[in-house]
Amino acid sequence: MNYTPIQLKSQVDMERIIEINDSVYTFNCKEVSMLLTRVIAERALEQAYKSNPGPWADHARYVALACQNIASRCPHLDVDDAYIYGILHDIGRHAGVSSERHLIDGYRYCMERGWEKAAQICISHAFMIPDIETFIGVFDMPDEDKAFMAQFIKDAVYDDYDRLVQLCDALALPTGFCLLEKRFVDVAIRYGTHPATIDRWKAVLEIKEHFEKIMGRSIYDCLPGVIENSFEKRRKNEYELQR
């Protein structure tokens, strides 16, 4: 079931919801199934970061901002939905340091809360080519989980929210926005190259062109500091980004 995040009438309403759910939020949100707002998504990221601290959380924040900024120039996209899907795309990292396992962990995390579209994006963001064999990490999960993901990707119907997060995942480092090519090299250095690497890059570049046609401008026009951050000298041992 797809849904649109609701808008609460006041900050007081939001504070009451957060207070009610604060003690059960991380692993038991059955009580507020289907409720998903920017504040709830941000709280989810904060809780996940406490479980597994790392630069992945700042990466997720920049992905969310990139999604928001691009969506604001695409009439068919909702800015809040875009932001939420961006900030939750790596939420599976709450379960600890992992490679491809964070995809299925994120899917389950969101499905437990009734966030079906966010759950799909937890997996789909890593497969701009909908084929399980185009993975670039390690399948550190049981065989049945890999089989589930393979079928899920095969059956999934991508829309522009899936494509937006796939694009913005490649536009964000933990330090800020970056050129796609900077991110391509960053990931290749850490994961190595794969037979599907070039095809994955081409797919992301096609998504970039898709959104730029809708926007009528370069995506980089709405990513503040992208040039400065892309060419900033990387300090030794500054970070080890988890994709």
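See the structure above.
These notes cover the structure that comes with them. (Residues numbered from 1 in each chain as written. Predicted model: local features only at pLDDT ≥ 70, side-chain atom pairs only at ≥ 80, totals over all residues. Heavy atoms only, no water.)

**Considering the packing of helix α3 (residues 56-71) against helix α8 (residues 160-169)**
What counts is decided by this rule: Throughout, an axis means a line fitted to C-alpha atoms (over the contacting stretch in the case of helices), and angles, computed between N-to-C directions, take values from 0 to 180 degrees. A run of H or I in DSSP becomes a helix once it reaches four residues, and a run of E becomes a strand once it reaches two; helices and strands are each numbered from the N terminus. Each angle receives one of four descriptions, namely roughly parallel if under 35 degrees, roughly antiparallel if over 145, roughly perpendicular if within 65 to 115, and oblique otherwise. With the far helix as reference, a near helix turned anticlockwise by less than a right angle produces a left-handed crossing, and one turned clockwise produces a right-handed crossing. In this description, contact between two residues means that some pair of their heavy atoms is separated by no more than 4.5 Å. Polar here means any residue other than Ala, Val, Leu, Ile, Met, Phe, Trp, Tyr, Cys and Pro, which are nonpolar, and Asp, Glu, Lys and Arg, which are charged; Gly is therefore polar.
Axis separation between α3 and α8 bottoms out at 9 Å; the angle between their running directions is 125°. By the angle between their directions, the pair α3 and α8 is classed as oblique. Between α3 and α8 the crossing geometry is right-handed. The residues of α8 that touch α3, namely those facing His-59, Val-63, Ala-66, Cys-67, Ile-70 and Ala-71, are Leu-164, Val-165, Leu-167, Cys-168 and Asp-169. Split into classes, the residues belonging to the contact of α3 with α8 amount to 9 nonpolar, 1 polar and 1 charged.

**Description of the pattern of salt bridges**
Going by this rule: Here, a salt bridge means any side-chain nitrogen of Lys or Arg that lies within 4 Å of a carboxyl oxygen of Asp or Glu. Type-normalised accessible area, obtained with a 1.4 Å probe on protein chains alone, sets the label of each residue: buried when under 20%, exposed when over 50%, and partly exposed for intermediate values.
For the structure on display, the rule yields 13 salt bridges. Among the ionic pairs, Glu-46 bridges to Arg-43, the shortest N-O distance being 3.6 Å. With Glu-46 and Arg-43 both in helix α2 (residues 38-51), this residue pair falls 3 residues apart, about one helical turn. Arg-101 is the salt-bridge partner of Asp-105, the closest N and O atoms lying 2.9 Å from each other. Pair noted here: Asp-105 and Arg-101 are both in helix α5 (residues 101-112), with a separation of 4 residues, about one helical turn. Classification of Asp-105 as buried rests on a relative accessible area of 13%. If you follow the salt bridges from partner to partner, you end up with Asp-169, Arg-183, Asp-186 and Arg-190 in one network.

**Observations regarding α5**
The test is simple: Expected span of a helix: the number of residues minus one, times 1.5 Å.
The first and last C-alpha atoms of α5 sit 17 Å apart over 12 residues, in line with the 16 Å expected at 1.5 Å per residue. The complete set of buried residues in α5 reads His-102, Leu-103, Ile-104, Asp-105, Gly-106, Tyr-107, Tyr-109 and Cys-110. Close packing links the buried residues of α5 with α2, α6 (116-124) and α7 (143-155). Following α5 by one or two positions, Gly-114 adopts a phi angle in the positive range, close to 80°.

Keep in mind that these numbers describe shape and distance, not what the molecule does.
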